[in-house]
Structure formats: structure tokens, C-alpha cells
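# Inside the fold
Okay, here's what each chain looks like letter by letter:
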Amino acid sequence: MYREVSKPPYTRREYITGIPGSKIAQHNMGDLDASPDDYPVQISLEVEETCQLRHGALESARLSANRHLIKTLGEGNYKMILRKFPHHVLRENKQATGAGADRVSDGMRQAFGKPVGSAARVDKGDRVFTIWCDVDQAPVAKDALRRAYNKISPPCRIVVERGEELLIA
């Protein structure tokens, strides 16, 4: 329902009241002190369609990928970041249902809507997640991104951005 990018972004939070908080707990995971240059392999999850990703879907994808990495690699053996932040505020014009709803509701009169959540606007080719790891950990990182990809709606692909020659050899 909120996947298509159809309206201008609604992001001015200083003028909007009652925005539900974002579910995203953290954007940087793994070894927070490590530099991306410390790891030879960089793998990203790239979106193939322009769309909106709700904050609940981003958090669910982050959680499943990070949990898989912690369970198999350990806490400090990788670095992962969530690159997108849900700036766009989603609105919904709630409709009354049940007996007597026609007398209570106004239909489409003043149908601006109330804030119900937030979403990140993602363009085609944007990277949502990036993982830095060692060469022998690359299959686990790819599997973690596959798990994250199953939690979000647009078609995605896993791209090895750095260290591909090390993985082939």
C-alpha cells in the first residue's frame, strides 16, 4: 500500500504532530571501531526498483541479517551498516466501519490523513545494507543479505563491491 513513490516527500517533522517513532534500533553493527578498510571484502544489498521501505521492514531485515552474522561469525568479526533512514512520514485517512459509519465519517472530505509511520525512499541502484568482512566469511555475509532481502518488498541483488578477485581465486 505504501510501496509506490507517488507524492512529494512529507518530511518536515517540525510541523507534523503525532508521528510514531521509528522502529530502527541502530544503523551500525558489528565491530563499530573498525574502519571499512580493515576488511578485504565489501558486499552490499542493492535495490532494483524505486520504492518506499517502511521502518518496520527495514528493522526486520536488519535484525535477521545481524542475528545471522552474530550467530555464525561472532560480534566483532564484521562491520555492517544500514544506509537508509526513514524520513518520509506516511499518512492514512482512517475510515469508520460498522453500523452507522455513514453518519460518523466524512468520506473524502478533508482527507489529508493522520501520520501512521515512516518510510525510506529508495531509488533504483541504491544500497540498503553493506557488510565488510574477511574472505572466508563472504558466504555467510551473502546469506545474511539474502535473509534481509526476504524481509523487504522490492527485488534486490547482492553485489560484491570490493574483493571479488579474492573470492574467485
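We now turn to the structure provided with this report. A quick note: this is a predicted structure, and the numbers were derived from the prediction, not measured. (Residues numbered from 1 in each chain as written. Predicted model: local features only at pLDDT ≥ 70, side-chain atom pairs only at ≥ 80, totals over all residues. Heavy atoms only, no water.)

### Remarks on the nonpolar core
Core analysis: the largest hydrophobic core is formed by 30 residues, its most contacted members being Met80, Val128 and Phe129. Counting only elements with at least two residues in this core, the list comes to β2 (41-47), β3 (51-54), α1 (55-73), β4 (79-82), β6 (114-122), β7 (127-133), α3 (138-149) and β8 (156-162). Dropping the residues within four chain positions of it, Phe129 is found in contact with Ile43, Ser44, Leu45, Leu58, Ala61, Arg62, Met80, Ile81, Leu82, Leu145 and Ala148. (Core = buried A, V, L, I, M, F, W, Y, C linked by side-chain atoms within 4.5 Å. Buried < 20%, exposed > 50% of the residue type's maximum accessible area, 1.4 Å probe, protein only. Helix = DSSP H or I, 4+ residues; strand = E, 2+ residues; numbered from the N terminus. Contact = heavy atoms within 4.5 Å.)

### Here we look at the sheet that holds β6
The antiparallel open sheet is built from three strands, whose spatial order is β3-β6-β5. One side of each edge strand has no neighbouring strand; the edge strands of this open sheet are β3 and β5 (88-92). Averaged over all pairs of adjacent strands, the angle between strand axes in this sheet comes to 50°, irrespective of strand direction. Along the sheet, α1 makes contact with β3 and β6, crossing β3 at roughly 70°. (Pairing = 2+ DSSP bridges. Axes fitted to C-alpha atoms, helices over the stretch in contact; angles between N-to-C directions.)

### Let's talk about the packing of aromatic side chains
Summed over the entire model, instances satisfying the criterion amount to one aromatic pair. A centroid spacing of 5.6 Å and a plane angle of 80° characterise the contact between Tyr10 and Phe112, whose relative ring orientation is edge-to-face. A residue pair is termed long-range when its members are at least 10 positions apart, and Tyr10 in the segment before β1 (28-30) and Phe112 in the loop between α2 (101-104) and β6 qualify at 102 residues. If you follow Arg91 out to its NZ or CZ, it ends over the ring of Tyr10, 4.4 Å from the centre. Of note, Arg91 hangs over the ring of Phe112, and the distance from its end group to the ring centre comes to 4.0 Å. (Phe/Tyr/Trp six-rings, centres within 6.5 Å; stacked < 30°, edge-to-face > 60°. Lys NZ or Arg CZ within 6 Å of the ring centre and 35° of its normal.)

### Looking at the pattern of salt bridges
On inspection of all chains with the given rule, the structure shows 10 salt bridges. Arg3 serves as the salt-bridge partner of Glu49, at 2.6 Å between the closest nitrogen and oxygen. Within this pair, whereas Glu49 is found in the loop between β2 and β3, its partner Arg3 is found in the segment before β1, the two being separated by 46 residues in sequence. Owing to a relative accessible area of 28%, Arg3 belongs among the partly exposed residues under this scheme. Between Glu161 and Arg127 there is a salt bridge; the shortest N-O distance is 3.0 Å. Separated by 34 residues along the polypeptide, Glu161 in strand β8 and Arg127 in strand β7 bring together distant segments of the chain. (Salt bridge = Lys/Arg side-chain N within 4 Å of Asp/Glu carboxyl O.)

### Let's talk about α3
For α3, built from 12 residues, the straight-helix expectation of 16 Å at 1.5 Å per residue is met to within 8% by its first-to-last C-alpha distance of 16 Å. When we look at burial in α3, the residues that qualify are Ala138, Ala141, Ala144, Leu145 and Ala148. Looking down the long axis of α3, one finds its buried residues gathered within 120° of arc, a one-sided arrangement. On the buried face of α3, the contacting elements are β2, α1, β7, β8 and α4 (164-168). (Expected span 1.5 Å × (residues − 1). Arc of directions from axis to C-beta.)

### Regarding the sheet that holds β2
Taken in spatial order, the five strands make up an open sheet running β1-β4-β7-β2-β8, and their pairing is antiparallel. Taken across any chain shown, the strands that pair with only one partner, and hence form the sheet edges, are β1 and β8. Averaged over all pairs of adjacent strands, the angle between their axes in this sheet comes to 20°, without regard to strand direction. Sheet topology note: the β1/β4 ladder contains three bridges and is antiparallel. What sits directly across from Met29, in β4, is Met80. Relative to the sheet, α3 contacts β2, β7 and β8, its axis offset from that of β2 by approximately 15°.

Geometric values such as these leave the question of function open.
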